[in-house]
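Observations on chain architecture
Okay, here's what each chain looks like letter by letter:
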Amino acid sequence: MSDQPLVLGIETSCDETGVGIVRGETLLVDAVASSVDDHARFGGVVPEVASRAHLEEMVPTIERACREAGVALKDLDAISVTSGPGLAGSLMVGVASAKALALSLGIPLYGVNHLASHVAVDIVEHGPLPEPTLALLVSGGHSSLLLVPDVTNDIRSLGSTIDDAAGEAFDKVARVLGLPFPGGPHIDREARGGQVTIDFPRGLTTGRDMERHRFDFSFSGLKTSVSRWVQAREAAGEPVPVADVAASFQEAVVDVLTRKAVLACKEHGAQHLQIGGGVAANSRLREMAQSRCDAAGIELRVPRPGLCTDNGAMVAALGTQMVLKGREASRLDLPADSSMPVTQVQS
Amino acid sequence: MLILAIDTSTSAITVALHDDTRVLAAASHIDPRAHTEWVSPLIASCLASASLSPADLTAVAVGNGPGPFTGLRVGIVTGLTMGHALGVPVHGICSLDVLAAQAAPTVRDGELLVATDARRKEVYWSRYAVRSGHVERLTFPAVERPADLTDDVRALPTVGRGPVLWPELFPDPVPVLDVDAAVLARLAVERARDGEEMPVEPLYLRRPDALTTAERAAR
Ligand SMILES: [Zn+2]
């Protein structure tokens, strides 16, 4: 066991300062300092607030991760870090810190793709990734369908959102319904007490759209439609059935996500579907994905919620795979790339 | 003693190694948009040129700024992380103090002004008194539009990129534009000798550019 590589991973692409430590396929610690409470007052993530919090939390989070894992920095075999995509100012704090660690300790550094890390994290949860895996990544920042023949160097993008990210739609609809930020958990909770009574539109699911945007998503029309529906109710002086609106909106999002994900599995010969990103915590998404996968004979893999949201463990998990597969380390002058394409696993 | 100094508050990414008596190695690269890329490689090359390894360091000093936030943080987090990884103390020094110290030899006894590029048509600035080579800061660093500084302040010999950007407003430029970590290292050595506290704290001088939902509602 101890001949397995010991890797520390750093994640700072948005508002979570994450440091995880993985040995081989075993997660030793996942330390996260979130600045989400700072952002709640602003009704959304403010990049400068996030960057300042990363600077304050970076070293304390590294320290805490090592202490909780009982690992000394000098025992590490490599450092991995999210080098993109994400908020530029936030990424730079993590990348600079990771370089400083690698330089101080004299060990290799891997700058890796945030989305690839979301896929790799399932290795520490459910063991080696089946090849290929089909991954649906849904959060406030991403909505992607990926075909993953090899998470360390071959990721193909089948589709992504053409406007809002799925999590963004949850935040915006939550605002319309007077629910707090971040919207996802609140909509989920409200929806459990409601009924799917309104037939909101499913973006990019019919006719020509299924030819041109087969595996792409669009949520901005849905958001507009919800807000028009609510406004019409208010204008008529009628109460807004918040729980029913939440349930109906959520149903529309989840229906499109799972329908396209399962279709992609079938068409690309993937026996496994993995869901990651903050929206993967949504209970209705998990439920519908499970029943559709069961019906199609596909195995569904969803890491536990703490590993679906942004964290350092996922970056460490991918870093460990880079070491095990003998990938060359990144150079010390690697940049933070806020628009790093998903097809580029390493920088 | 071996101190590593790092500053990323100006257009230069600058690092230096100082052994308590002299500068052993120093390197700078001018690129206001590439702090993340350059700082660690410059540290590695300084250590290599002095035939030293990170484990030889006994302290780290960083420039606290003020400076454009994104670049500033890169130097500070690099210093803090190295200090933690190597188990050595990390000191912070106001970057405007360093510029003033760099300019001191070129001005006669009297006052000088440091005015650096704060972006958004503003400067970070502070006033200093120079007496027989000794530099003393007279005002806490501030951020303002250059036209809002009083005429007598702007007339002082002025260090930094302020005069490059607004030559008509700063009539007496001193040709010292960016921080030199070799001088930062020397200041850190002197202040440590004097037993001065040198906390690491980024000098942002501006609050984040966003309104809270309550503030937005009040508009
Ligand atoms: Zn993410």
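Residues numbered from 1 in each chain as written. Chains lettered and ligands numbered in written order. Predicted model: local features only at pLDDT ≥ 70, side-chain atom pairs only at ≥ 80, totals over all residues. Heavy atoms only, no water.

1. Some remarks on the overall build of chain A
What chain A contains, in helices and strands, is 13 helices and ten strands. Relative to a compact globule of 347 residues, whose C-alpha radius of gyration would be 20 Å, chain A shows 20 Å and is just as compact. Principal-axis analysis of the C-alpha atoms places the extent of chain A at approximately 65 × 45 × 30 Å. Sequence separation of 24 or more characterises 74% of the internal contacts of chain A that already satisfy a separation of 6 or more. Surface accessibility of chain A: about 12,700 Å² in total, with carbon and sulfur atoms responsible for 48%. Of the side chains in chain A, 30 bear a positive and 43 a negative charge, and the two mean positions are spaced by 3 Å. (Helix = DSSP H or I, 4+ residues; strand = E, 2+ residues; numbered from the N terminus. Rg over C-alpha atoms; globule rule 2.2 N^0.38 Å. Contact = heavy atoms within 4.5 Å. Areas by Shrake-Rupley, 256 points an atom, 1.4 Å probe, with all protein chains shown as cover. Lys, Arg positive; Asp, Glu negative; His and termini not counted. Charge placed at Lys NZ, Arg CZ, Asp CG, Glu CD.)

2. Thoughts on the packing of aromatic side chains
Any two aromatic rings considered together are summarised by their centre-to-centre distance and by the angle between their planes. Overall, the coordinates contain three aromatic pairs over all chains when judged by the stated rule. Between the aromatic rings of Phe170 of chain A and Phe249 of chain A, the centroid separation amounts to 5.1 Å while the plane-to-plane angle is 75 degrees, which identifies the pairing as edge-to-face. Here Phe170 of chain A is found in helix H6 (residues 166-176), whereas its partner Phe249 of chain A is found in helix H10 (residues 242-267), with 79 residues between them in sequence. As far as the burial class goes, Phe170 of chain A and Phe249 of chain A line up, both buried. When the centroid spacing of 6.0 Å and the interplanar angle of 15 degrees are considered together, the rings of Phe217 of chain A and Phe219 of chain A count as stacked. Both residues of the pair, Phe217 of chain A and Phe219 of chain A, belong to the buried class. The positively charged end of Arg52 of chain A is found above the aromatic ring belonging to Phe69 of chain B, 4.9 Å away from the centroid. A cation sits over an aromatic face here: Arg52 of chain A above Tyr204 of chain B, 3.8 Å from the ring centre. (Phe/Tyr/Trp six-rings, centres within 6.5 Å; stacked < 30°, edge-to-face > 60°. Buried < 20%, exposed > 50% of the residue type's maximum accessible area, 1.4 Å probe, protein only. Lys NZ or Arg CZ within 6 Å of the ring centre and 35° of its normal.)

3. What about the packing of helix H3 (residues 88-105) of chain A against helix H2 (residues 69-86) of chain B?
Packing of H3 of chain A against H2 of chain B brings their axes to within 8 Å, and their N-to-C directions diverge by 30 degrees. H3 of chain A and H2 of chain B meet at a crossing whose hand is right-handed. Residues Gly89, Met92, Val93, Ala96, Ser97, Ala100, Leu101, Leu103, Ser104 and Leu105 of chain A of H3 of chain A form the contact with H2 of chain B, whose participating residues are Thr70, Arg73, Val74, Val77, Thr78, Thr81, Met82, Ala85 and Leu86 of chain B. (Axes fitted to C-alpha atoms, helices over the stretch in contact; angles between N-to-C directions. Left-handed = near helix turned anticlockwise from the far one by under 90°.)

4. Points about the layout of surface pockets
To find leftover empty space, one rolls a probe the size of a water molecule over the atoms. The volume enclosed by the largest pocket comes to roughly 1,000 Å³. Ser139, Gly140, Gly141, Asp171 and Pro182 of chain A are the residues nearest the centre of the largest pocket, which is lined by 37 residues in total. For the lining of the largest pocket, the secondary-structure elements that each account for two or more residues are H6 and helix H7 (183-192) of chain A. Looking at the lining of the largest pocket element by element, the count peaks at six residues for H6 of chain A. Taken together, domain 1 (6-121 + 311-324) and domain 2 (133-304) of chain A each give at least three residues to the lining of the largest pocket, which thus spans both. Space inside the second largest pocket adds up to approximately 550 Å³. Together, 30 residues line the second largest pocket, and Phe69, Thr70, Gly71, Arg73 and Arg119 of chain B are the ones closest to its centre. Mapped onto the lining of the second largest pocket, the elements with two or more residues apiece are helix H2 (47-69) and H3 of chain A together with helix H1 (35-49) and H2 of chain B. Here the lining of the second largest pocket is composed, by residue class, of 14 nonpolar, seven polar and nine charged. (1 Å grid on protein atoms, 1.4 Å probe; cavity = no way out; pocket = protein on both sides within 12 Å on 5 of 7 lines; lining within 4 Å. Points joined across faces, edges and corners; volume = space filled by probe spheres on them. Domains from an automatic or database assignment. Nonpolar A, V, L, I, M, F, W, Y, C, P; charged D, E, K, R; others polar.)

5. Some remarks on the interface of chain B and chain A
Contacts between chain B and chain A engage 30 residues on the former and 32 residues on the latter. A per-residue breakdown of the area chain B buries against chain A is headed by Thr36, Arg73 and His84 of chain B, which together make up 23% of the total. Linking chain B with chain A are one salt bridge, by the criterion used here. For Glu48 of chain A, the salt bridge is made with Arg73 of chain B, and the minimal N-O distance between the two is 3.0 Å. Here chain B and chain A share four residue pairs in polar contact (both at pLDDT 80 or more) between them. (Buried area = accessible area lost by both parts, 1.4 Å probe. Salt bridge = Lys/Arg side-chain N within 4 Å of Asp/Glu carboxyl O. Polar contact = N/O pair within 3.5 Å; in protein donor to acceptor, adjacent residues only side chain to side chain.)

6. Quick look at the UniProt feature "domain: Gcp-like" (unreviewed entry) in chain A
UniProt feature "domain: Gcp-like" (unreviewed entry): in the numbering of this structure it lies at residues 27-316 of chain A. Between the end C-alpha atoms of residues 27-316 of chain A there is a gap of 9 Å, over a span that is 52% helix and 17% strand. (UniProt positions renumbered as here; feature names shortened; annotations may be inferred.)

7. Observations regarding the domain arrangement of chain A
By a widespread convention, an interface's size corresponds to the accessible area lost as its parts come together. Residues and elements named next belong to chain A. Taken domain by domain, chain A comprises domain 1 (6-121 + 311-324) and domain 2 (133-304). Taking only C-alpha atoms, the centre of domain 1 and the centre of domain 2 are 27 Å apart. The interface is formed by 17 residues belonging to domain 1 together with 15 residues belonging to domain 2. The junction of domain 1 with domain 2 conceals about 1,200 Å² of combined surface from both sides, 75% of it contributed by carbon and sulfur atoms. When the buried area of domain 1 at its contact with domain 2 is split by residue, Leu115, His118 and Val119 rank highest and sum to 43% of it. In this structure, the connection of domain 1 to domain 2 is made through four residue pairs in polar contact (both at pLDDT 80 or more).

8. Quick notes on the side chain of Thr133 of chain A
Residue and element names in this part refer to chain A. Checked against the element boundaries, Thr133 lands in strand E6 (residues 133-138). On the basis of relative accessible area, Thr133 is assigned to the buried category, the value being 2%. For Thr133, the side chain forms a polar contact with the main-chain oxygen of Pro130, separated by 2.7 Å.

9. Brief notes about the sheet that holds strand E8 (residues 154-160) of chain A
What holds strands together in a sheet is hydrogen bonding between their backbones, with the strands either parallel or antiparallel. All names here are of chain A. Overall, mixed pairing links the five strands, which are arranged E8-E7-E6-E9-E10 in an open sheet. Across the chains shown, the open sheet's two edge strands, defined by having one partner strand only, are E8 and strand E10 (299-301). Put simply, the sheet's adjacent strands are angled 25 degrees from each other on average, direction ignored. Along the sheet, H10 contacts E6, strand E7 (143-150), E8 and strand E9 (272-276); its crossing angle with E6, the most-contacted strand, is approximately 160 degrees. (Pairing = 2+ DSSP bridges.)

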